[in-house]
Amino acid sequence: MRFSVRYLDAVAKGAQISWIRGGITVALVGYLLTLLAGALADANVWNFPSEAFATALLAVALVLSFRGYHHLAAGLTVAVVWTELHVAFFLNGALIASAASALPVFVAGAGFLLGGRAALALGIVSSLSAPLAVLLGRKAQGLELLPGGEELRAYVTLAVVLVGMAVIISLGLRYFGEIFETARRSERRVLDLISRNPDGILAVDGDGRVESLNEAAERILGIPPDRAVGTLLADLEREFGIRLTASRPMEGLPLPSLPVEQIMTRPDGRELVLEVARQPFTRPDGTPGLILVVRDLTERRNAEALATQFGRIVEEARSEIYVFHRDTLEILMANRGARENLGYSWEETRGMRMSRIQPTLTSEVARGLTWKLFEGGEEVVTLNTVHHRRDGTAYPVEIQLQKGAVEGAPVVLAFGTDVSERETAKEEQRLLQAQLLHAQKMEAVGLLAGGVAHDFNNLLTVIGGCGEILLDVGDDQVKELTGEILDAQERGAVLTRQLLAFARREIVQPEDLPLQEALEEMMPLVRRVLGERIVLETTAGTGGVVHMDRGQLEQVVLNLVANARDAMPDGGTLRISLNPDPGGGAERQESPPWVSLEIRDTGTGMDPQVAERIFEPFFTTKPRGKGTGLGLSTVHGIVSQNHGRVLVESQPGVGTTFRILLPPSLPEDAPAPSAEEVPGRPRASVLVAEDEEGARDLIRVVLAREGYRVVVARDGREALSLLKEGRERFDLLITDIVMPGLSGLELADRARELYPSLPTLFMSGYVDASLQGPEGAPSGLRLLAKPFRPAELRTRVRELLPTVGD
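Since the model is a prediction, treat every value here as computed from it, not as a measurement.

Calculation criteria
- Residues numbered from 1 in each chain as written.
- Predicted model: local features only at pLDDT ≥ 70, side-chain atom pairs only at ≥ 80, totals over all residues.
- Heavy atoms only, no water.
- Pairing = 2+ DSSP bridges.
- Helix = DSSP H or I, 4+ residues; strand = E, 2+ residues; numbered from the N terminus.
- Axes fitted to C-alpha atoms, helices over the stretch in contact; angles between N-to-C directions.
- Parallel < 35°, antiparallel > 145°, perpendicular 65-115°, else oblique.
- Contact = heavy atoms within 4.5 Å.
- Nonpolar A, V, L, I, M, F, W, Y, C, P; charged D, E, K, R; others polar.
- Patch = residues over 30% accessible without salt bridge, like charges linked within 9 Å, V, L, I, M, F, W, Y side chains within 5 Å.
- Areas by Shrake-Rupley, 256 points an atom, 1.4 Å probe, with all protein chains shown as cover.
- Salt bridge = Lys/Arg side-chain N within 4 Å of Asp/Glu carboxyl O.
- Buried < 20%, exposed > 50% of the residue type's maximum accessible area, 1.4 Å probe, protein only.
- Expected span 1.5 Å × (residues − 1).
- Arc of directions from axis to C-beta.
- Core = buried A, V, L, I, M, F, W, Y, C linked by side-chain atoms within 4.5 Å.

**Q** How do you make sense of the sheet that holds strand S4 (residues 271–282) when you look at a structure like this?
**A** Each strand in a sheet pairs with its neighbour through backbone hydrogen bonds, running either in the same direction (parallel) or in the opposite one (antiparallel). Reading across the sheet, the five strands line up as S2-S1-S5-S4-S3 and stay open at both edges, with antiparallel pairing between neighbours. Across the chains shown, the open sheet's two edge strands, defined by having one partner strand only, are strand S2 (210–213) and strand S3 (260–265). For this sheet, the mean angle separating the axes of adjacent strands, direction not counted, is 30°. Both S4 and strand S5 (residues 288–296) contribute to a ladder of nine bridges, which runs antiparallel. The residue of S5 that forms the bridge with Leu 274 is Asp 296.

Structure below.
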C-alpha cells in the first residue's frame, strides 16, 4: 500500500457515522421516554400504538447503522420522526408546542444526517405539510377549517422558521463541504508529491511497523510493497540487509537526524550508496511516528568518481587543454601539460589572457572564432598557431576549439598539440625529397656519363692501339706525331676514368695492395687536399697487405682527409698512422688480426648524437649547398664491401679519430690456365666478341701480328653460334662485358657449358650495375680495362696462352 488521500476521508466518514448513530440514538431515547411518560400519566392510549411502532423502526435503523447501512438507517430515522411529528399535528388538529418546537431541530438534524440539500427540501416541505396536517385533522374532527388569531401567526412563524433553518443549514453544510473538499485537494497534492518524490519515503508507526511507502522507496530498496506494509522495520532490515535506523525507531522519540551515507546491497545483488534521514512526527491519533527519507546516491557518486577520474586524466594529459572565457579570453583552467609546456604555475595561469601565450589571438580574431562556434554552428574550429613560453621561446601548435559553459558563463575549450616534431618531420621529408630528386638527377647524369665514357673508351682503345702500331712502322716525324696522339689518348683515358668514378661505373679490380706503399704514393695528393694551414703528420707502422682496389683505397683516404680539413677551418694537425696499436683494442678481438689505418684530426669534433648518424646517407652538419652527406657513407660502404670495419671516436672541441680496420690479404695459389695442346695445330685460336668495330679490328690486328689465329664476332649471339657450330676449337675467348642482346658474362657462362676448360678474358670500359658482383665488379674475372695499349693486350693473352705452336 502506498501513500493515499485517506485522512480527511476517514475523518469525514467517522463524523458522518457518529452523527447518524447519535441522531438515531437520540430519537430512539426520546421515543422511549415519551412512551414511559405516557404510561405513567395514563395518557391517551390512542397514540401508543404509533409511538411503539416508531420506536421499533428506530431500533431497526440503529441496527442497520451498526451493520454498515448508514444512509439507509439515516433515511429510515428521518422518515419515522417526520411521520410521527405530522401524525401528532393531525391527531390534535393544532400545532402542538412540543412537536412544533422539535420540527426545526429535526430539519437541522436531517441536514447533518442526509446533507444540506435534504435539509433544504425537508424544511420547505415541512413548512407546508405541518399546517396541512393540522387542517386535515381539524376537518376530520369537524372543527373550523380556518382558524385565526394566534394559531395563524403560529403557522406563519413555523413556516418561516423551518424555511430559514433549512436555508441556514444548507448553506452551512455547503460551506463546510467546500472547506472539506479544499482540504482534501490539498492533502491529495501533498501526498501526490510524496508519491512522486524521487527520494524514497517510508512512514513508520509508533510500534516500528511500516505504514506506507512511496514508489521511489519500493524502487530504491527493492522491497515488494505488500511485503513492507505492516512489517516491523527491524525485520525488514534483517531480511533485506538494509540499515535505516540507528536503533529501535520509537525509543524516546529520536530527534531529527542529519543525513547519513551507507552502503546497501539490494536483494538482487546490486550495491547502492544511500543517504538516510529520519524525522519524527505525531500521527493523527496522537501517537508518535517516524518518517524515513532514503535518497539513492549511487549514480551521483559514480558520476563524481568518474568526474574525478576524468579530471585526473585531463590534468595529467600531455596535450595542452585550456578553458577560457569567451568574451574576456581569461584562462579559467589550464592542465599540467599546458603549464609544463609554457613554464607557468597553476596560480600564474589563472586569470591570464590567452593572448599572452598566443599573441595572434587578438580580440578581433577571437570574436571571429567564437562566432563560428556559438553562432555559426561549427562544432570544432581548428587553427595552427604558435605558443610562447615563459622564457620567450616559441613552438608550433595545432589548436582545436569547442564551445562550452561553466556555471552558466560561455567558455571556449581549447585542445592544443605541440607539432614541433611533426613540423620537423615535414621539413626533413622536404629535404629528403629534395635529396631524392638530386640523387635521381645525379643518377641520370651518371648513366649518361657512363654511356659516354664507355663509347669514348672504345674510341680511345682504337686510337691508342693504332698509335702504337704506327710507332713500329713509321718514320721519325710519324713517330713524333704518334707520340702526341698517344699522350692525348692517355689524357682522354684519365677523363673517362673520372667520368666513370662520378657515375660509379668504374671497374673495381681488387689486388694485393701493400698498404704502406699505397699511402706513401697518396701523400702528395693528400697534402694538396689539406692546404697550407693544416700540418700533416704520418706515423709508419708494421705495414700490411690488403686485398682491395687501389682506387677505392684512395677514395676512402681522400674522403676522410677532406672531412678532417672541413673540421679544421682555422688550421690544425692531421695525423695518419698505419697499425698504431697492432694486435690491441678492437683488433685483438678479431681473427684474423686487422690491418689498421688511423686518421686523427684536432678539429671541432662531434657530440654523441651526431657521431651516431654520420654514416647515414645524406646526413650532414654542413650548411646547405656545402655538402651532400655522401662522403662518410661512401667510406662506410667501401670498407664494408671489403669486409672491414670503421670505428670513430670524437669529442666536441678535441677532435675526431677514424680507424679503418681491413682484413689482411691471404696468400693464394695464382691460377695458371693454359690452352689445350692439340697435336698438329700450328697456332692458338682466339675468338673475339666485340660490338665496337674499331676495337674489334684492332684486337684482330694486334693478335694476328703475334701469330694467333683470330676469329671475330660482332656480338655475343654471333660468338655463341660459332662456339655451338664446333667447326673450330678455340683456345681463348676474349669478350666485351657490355654488349647488346647477350652480355659478355652470359656468353662466358654459355661457353663454359660447351667447353669447361676454355679460358676467358673480359674487356670493359665500365661495368653496368646489373652485372656487378658483391664487391662492385664481376667476381673472379680476368679483366682488361679499356682503354688499353696493345702491349697490355699481348701481356694478358700470353698469361692465358703462354705457348703458341709454330
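On we go from here.
**Q** What exactly am I supposed to notice about the packing of helix H22 (residues 716–725) against helix H23 (residues 744–754) here?
**A** Helix packing for two helices is described by the angle between their axes and how far apart those axes are. It is the contact of H22 with H23, at a shortest axis distance of 10 Å, that shows an interaxial angle of 5°. Classified by the angle between their axes, H22 and H23 sit roughly parallel to one another. Contacts from Gly 716, Ala 719, Leu 720, Leu 723 and Lys 724 of H22 reach H23 at Leu 747, Arg 750, Ala 751 and Leu 754. For the contact of H22 with H23, the class distribution of residues is six nonpolar, one polar and two charged.

**Q** Would you mind showing me how to read a nonpolar patch on the surface here?
**A** The grouping of Ile 124, Val 163, Val 167 and Leu 171 at the surface amounts to a nonpolar patch, some 290 Å² of accessible area in total. Per-element tally for the nonpolar patch: the top contributor is helix H6 (residues 150–196), with three residues. Inspection of the secondary structure puts Ile 124 in helix H5 (residues 116–140). Exposure remark for Ile 124: the relative accessible area of 39% places this residue in the partly exposed category.

**Q** Quick question: what am I supposed to make of the sheet that holds strand S8 (residues 381–388) here?
**A** Reading across the sheet, the five strands line up as S7-S6-S10-S9-S8 and stay open at both edges, with antiparallel pairing between neighbours. Strand pairing shows two members of the sheet lacking a second neighbour, strand S7 (331–334) and S8, which therefore form its edges. Adjacent strand axes in the sheet meet at a mean angle of 30°, parallel and antiparallel pairs treated alike. Of the pairings in the sheet, the one linking strand S6 (residues 320–325) to strand S10 (residues 409–418) comprises six bridges and is antiparallel in character. Looking at the pairing, His 325 lines up with Val 411 of S10.

**Q** I keep staring at helix H14 (residues 363–374) and nothing clicks. Help me out?
**A** A turn of α-helix holds 3.6 residues, and therefore any two residues three or four places apart point the same way. The first and last C-alpha atoms of H14 sit 16 Å apart over twelve residues, in line with the 16 Å expected at 1.5 Å per residue. Here H14 has its buried residues at Ala 366, Leu 369, Thr 370 and Leu 373. One face of H14 carries all of its buried residues, which in axial projection span an arc of 95°. Every exposed residue of H14 that faces more than 90 degrees away from the buried side is listed here: Glu 364, Arg 367 and Trp 371. At its buried positions, H14 is contacted by S8, strand S9 (394–406) and S10.

**Q** Just to check I follow, could you spell out the nonpolar core for this structure?
**A** Ranked by size, the top nonpolar core spans 36 residues in total, and within it Val 526 and Leu 574 carry the most contacts. Contributing elements (two or more residues each) for this core: helix H17 (515–530), strand S12 (534–539), strand S13 (545–548), helix H18 (550–567), strand S14 (572–578), strand S15 (595–601), helix H20 (631–641) and strand S17 (655–662). A total of seven residues in this core trace back to one element, the largest contributor, which is H17. Of all hydrophobic cores here, the second largest spans 23 residues; its members include Met 354, Ile 357, Val 381 and Tyr 395.

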